[in-house]
Amino acid sequence: MNEPSKHRHSPLFVGPKGEYAEDFTSLWDHLLTTTMARRAGRFRHDPDWRPAQQRQGPHSAATIEAALEELLALLKEEIPTFSPRYLGHMVSDISIPGLLGHVAMVFENPNLASREAAMVASKLETDAINLLAEMVGLDPTPTRGHFTSGGTMANFEAVWRARYRLDHWLAMASFLRIEGHANDSLTQLAHCGWSRFEELRAETGFTDQDLMPYSAVLQGPLAADRRLREKLGEPWPEPVMLVPGNKHYSWPKAANVFGMGADAVWPCALDAHGRLNPESVGEQIDRAIASDRPVMMVVSVAGTTELGMVDPVDEVNVILQRYREDKGLHIWHHVDAAYGGYLCSTLRDDAGSCQLSQPVQRALNALPGANSITLDPHKLGFIPYACGAFLVPDTASYSVSSIHAPYLEKAQDVKFPGWSTTLEGSRAATGPSAVWLSAKVMPLNAHGHGGLLNQSLKAAADVHRCLEEASGPIRLLPAGDTNVVCFALAKDHDSLAEANQRTESLLSQFKASPELSVTRTHLGLGNYGDLVNTAVAQWNGTIDDDHLTVVRMVVMNPYLDDDIIVDGIKATLLDCLNRLV
Ligand SMILES: *Cc1c(COP(=O)(O)O)cnc(C)c1O
């Protein structure tokens, strides 16, 4: 039996049973009192607003209270994501500072679409982006970025910008080839890089107007294709996006929304642990260039949605640097760190305490080398929904063709993102405010937020070990890079379909029992072939299905920093397994 650990992070969370309700209530009262006093003090000499019927009638406080009661009664049945028994999706309890920062901003309700509608909040957004930049190791001064409603939108922001950059270079390539100023292939020129772009502009004197007719973003790809065929006898080279097989479904969605065919998303292979195999990136780039398909972007994932694995971002950076230096090919690298980005906080100030493996640390330390990064404070940041963030290391990568501005608008030097530089129009300032307040209390380093995440990594390792020692046909996947634990059920010599059936039946029993929330994931043979084959070999099984079903547990709940709670969860898990298997 472990000694009870001290509550290092309390009272940063309300507690699964409201253990810190008193502290929280007093903070909450303070927030409300101050907010009301602010109203009373502003334009103090204006006349009072005198509601006609004060405390009766259909719109009285009593009616509101009754309706509120109804809502609260409905919410009793909501999934208890605040409980340490919740090991389901990538969500858990939100922190007290995250919640208070969110709510304080709700009362002001500014709109980040314009500085005129958000004077203080726009400054807070910049400050919060700078905090996130420092967390991932970026220099905040040149960093640009903004908050989004989540990781999906942040990934879309990356596609929008990578497409804009490639479109510039490809439009220039088309113009120069048609005018006889260049001999390189369109695809080669379409990866020329901004400094070569500027050199060519100086050498040949092309203007923005010259490029407009060849921009697929402006004219649409069909028109760009028609014009190229007419004037050069060549088709418009259709870009591809290289995305690892462990991708989040926001990537096929993005391709769909940006009008790229499904076959323009080329998968990169995974290794037996479900991480991107960097060699496959090189192979796919070579294949793309050889078949005249410009590479719009390469994506790697830091914290995969399925298994919480961290792709070797550092190795991808090295490969892309080699293409730049040896072949003059500049390729956009986006890191989808929606889940794992916050783990960078474990590396700041006291990396010695970091619970991540060395390769994962190297991968996370390589984030600043990417062209763009997605973060989701509403996952491992313990911030309320909806809160994602998009970061780029410099102004040039932030520029994008906007609706009102002319084509080839110069990169804006403003730090503040206006509506024309974000996909979303009206934007809440609750996310920046929550991130800002939370970081004041739990700095985004190993002594603050990182300490909390280290606890979660330890708890996940503990749950993994406990399952390793458990009896029964539990087949663990190799320990993950972060805090996701997955296992299947299979008896010796079970075929894959038999094992899947066993696991599915366990999952439906979990679903029916209120004791623990877990999720399922299907690991398809197409992407996860190596992993599935290795897993099935564990029990000498045969492959007769197209996927492996696993029970997935995201061990991110902040209350798992207490050994007694962890022991309780392990006991409940073993008990469920003994009964259900
Ligand atoms: C969660 C997640 C997303 C999508 O984020 P939302 O906030 O749900 O839109 C994208 N990529 C990865 C790797 C994720 O884990």
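Worth saying up front: this structure is predicted, and the values here are computed from it rather than measured.

1. A few points about the overall build of the chain
Working step 1: Along the backbone of the chain there are 20 helices and 11 strands.
Working step 2: For 581 residues, the compact-globule estimate of 2.2 N^0.38 gives 25 Å, and the C-alpha radius of gyration of the chain, at 26 Å, lies within 12% of that figure.
Working step 3: By its C-alpha atoms, the chain is 80 × 75 × 50 Å across when sized along the principal axes.
Working step 4: When burial is assessed residue by residue, the chain has 54% of its 581 residues classed as buried.
Working step 5: Working note: accessible area of the chain is about 26000 Å², and carbon and sulfur atoms make up 53% of it.

2. Some points on the sheet that holds strand β5 (residues 333-337)
Backbone hydrogen bonds hold the strands of a sheet together, and the pairing may be parallel or antiparallel.
Working step 1: Strand order in the open sheet formed by seven strands is β1-β7-β6-β5-β4-β2-β3, with mixed pairing between adjacent strands. Single-partner strands in this sheet number two, and they are β1 (144-148) and β3 (265-268). Averaged over all pairs of adjacent strands, the angle between strand axes in this sheet comes to 20°, irrespective of strand direction.
Working step 2: Of the pairings in the sheet, the one linking β5 to strand β6 (residues 372-375) comprises four bridges and is parallel in character.

3. With respect to the packing of helix α12 (residues 278-290) against helix α13 (residues 313-327)
Each pair of packed helices can be described by the angle between their axes along with the distance between the axes.
Working step 1: Taken N-terminus to C-terminus, the directions of α12 and α13 make an angle of 35°; their axes are 9 Å apart at the nearest point. For the element pair α12 and α13, the recorded crossing hand is right-handed. Side by side, α12 and α13 meet where Pro278, Val281, Gly282, Ile285 and Asp286 of the first sit next to Glu315, Val316, Ile319, Leu320, Tyr323 and Lys327 of the second.

4. A few points about the sheet that holds strand β8 (residues 474-476)
Working step 1: Within the open sheet, the four strands sit side by side as β8-β9-β11-β10. Their pairing is antiparallel. In the strand order of this sheet, the two ends are held by β8 and β10 (519-524), each with one partner. The sheet shows a mean angle of 40° between the axes of neighbouring strands, taken without regard to direction.
Working step 2: Relative to strand β11 (residues 547-554), β10 runs antiparallel, the two sharing six bridges. Bridged to Arg520 within β11 is Val551.
Working step 3: This element, helix α19 (residues 525-538), spans β8, β10 and β11 of the sheet and lies at about 105° to β10.

5. Considering the site of the ligand
Working step 1: Not every one of the 16 residues close to the ligand is listed here, only the nearest: Gly151, Thr152, Asp336, Asp376 and Lys379.
Working step 2: Note that an oxygen atom of the ligand is positioned 2.8 Å from one of the side-chain N or O atoms of His378.
Working step 3: A distance of 2.8 Å separates an oxygen atom of the ligand from a polar side-chain atom of Lys379.
Working step 4: A total of 380 Å² of accessible area belongs to the ligand in isolation, and the protein chains cover 87% of it.
Working step 5: Examining the composition of the shell around the ligand, we find that three residues originate from one element, helix α5 (residues 151-178), more than from any other.

6. A closer look at the confidence of the model for the chain
Working step 1: Predicted confidence across the chain gives a mean pLDDT of 93, with 94% of residues reaching 70 or more.
Working step 2: A low-confidence stretch, residues 1-5 stays under pLDDT 50, and its non-local contacts, those more than four residues away or across chains, total eight contacts.
Working step 3: Low pLDDT, under 50, characterises residues 402-413; the stretch is placed with 28 contacts to residues that sit more than four places away or in other chains.

7. Observations regarding the packing of aromatic side chains
For any two aromatic rings, the description comes down to two numbers: the centre-to-centre distance and the angle of the planes.
Working step 1: Across all of its chains, the model carries seven aromatic pairs by this definition.
Working step 2: Between Phe13 and Tyr559, the ring centres sit 6.0 Å apart and the planes meet at 80°, which makes this aromatic pair edge-to-face. On the criterion of sequence distance, the pair formed by Phe13 in the segment before α1 (21-41) and Tyr559 in the loop between β11 and α20 (563-580) is long-range, its members being 546 residues apart. Per residue, the accessibility class of Phe13 equals that of Tyr559, and both read buried.
Working step 3: Seen from their ring centres, Trp169 and Trp194 are 5.3 Å apart, and the 80° between their planes marks the pair as edge-to-face. Of this pair, Trp169 sits in helix α5 while Trp194 sits in helix α7 (residues 194-204), and the two are 25 residues apart along the sequence.
Working step 4: The buried category is assigned to Trp169, whose relative accessible area is 2%.
Working step 5: On the basis of relative accessible area, Trp194 is assigned to the partly exposed category, the value being 27%.
Working step 6: Here the aromatic cluster, defined as three or more aromatic residues joined through ring pairs, consists of Trp169, Trp194, Phe197 and Phe206.

8. Section: empty space enclosed by the protein
Empty space among the atoms becomes apparent when a probe as large as a water molecule is rolled across them.
Working step 1: Applying the stated rule across the entire model yields four cavities of 30 Å³ or more.
Working step 2: What lines the largest cavity is His273, Leu307, Met309, His464, Leu477, Pro478, Ala479, Gly480, Val484, Val485, Cys486 and Leu531.
Working step 3: Element by element, the count of residues in the lining of the largest cavity is highest for strand β9 (residues 484-489), at three residues.
Working step 4: For the lining of the largest cavity, a count of residues per class yields nine nonpolar, three polar and no charged.
Working step 5: Both of domain 2 (151-375) and domain 3 (449-580) provide at least three residues apiece to the lining of the largest cavity.

9. What about the side chain of Glu157?
Working step 1: Here Glu157 shows up in helix α5.
Working step 2: On the basis of relative accessible area, Glu157 is assigned to the buried category, the value being 0%.
Working step 3: A distance of 3.0 Å separates the side chain of Glu157 from the side chain of His146, its partner in a polar contact.
Working step 4: A polar atom in the side chain of Glu157 sits 2.6 Å from the side chain of Arg161.
Working step 5: Those residues in contact with Glu157 that lie beyond four places of it in its chain are His146, Thr148, Phe390, Thr421, Thr422, Leu423 and Glu424.

Procedures and definitions
Residues numbered from 1 in each chain as written. Predicted model: local features only at pLDDT ≥ 70, side-chain atom pairs only at ≥ 80, totals over all residues. Heavy atoms only, no water. Helix = DSSP H or I, 4+ residues; strand = E, 2+ residues; numbered from the N terminus. Rg over C-alpha atoms; globule rule 2.2 N^0.38 Å. Buried < 20%, exposed > 50% of the residue type's maximum accessible area, 1.4 Å probe, protein only. Areas by Shrake-Rupley, 256 points an atom, 1.4 Å probe, with all protein chains shown as cover. Pairing = 2+ DSSP bridges. Axes fitted to C-alpha atoms, helices over the stretch in contact; angles between N-to-C directions. Left-handed = near helix turned anticlockwise from the far one by under 90°. Contact = heavy atoms within 4.5 Å. Near = heavy atom within 4 Å. Polar contact = N/O pair within 3.5 Å; in protein donor to acceptor, adjacent residues only side chain to side chain. pLDDT = per-residue confidence, 0-100. Phe/Tyr/Trp six-rings, centres within 6.5 Å; stacked < 30°, edge-to-face > 60°. 1 Å grid on protein atoms, 1.4 Å probe; cavity = no way out; pocket = protein on both sides within 12 Å on 5 of 7 lines; lining within 4 Å. Points joined across faces, edges and corners; volume = space filled by probe spheres on them. Nonpolar A, V, L, I, M, F, W, Y, C, P; charged D, E, K, R; others polar. Domains from an automatic or database assignment.

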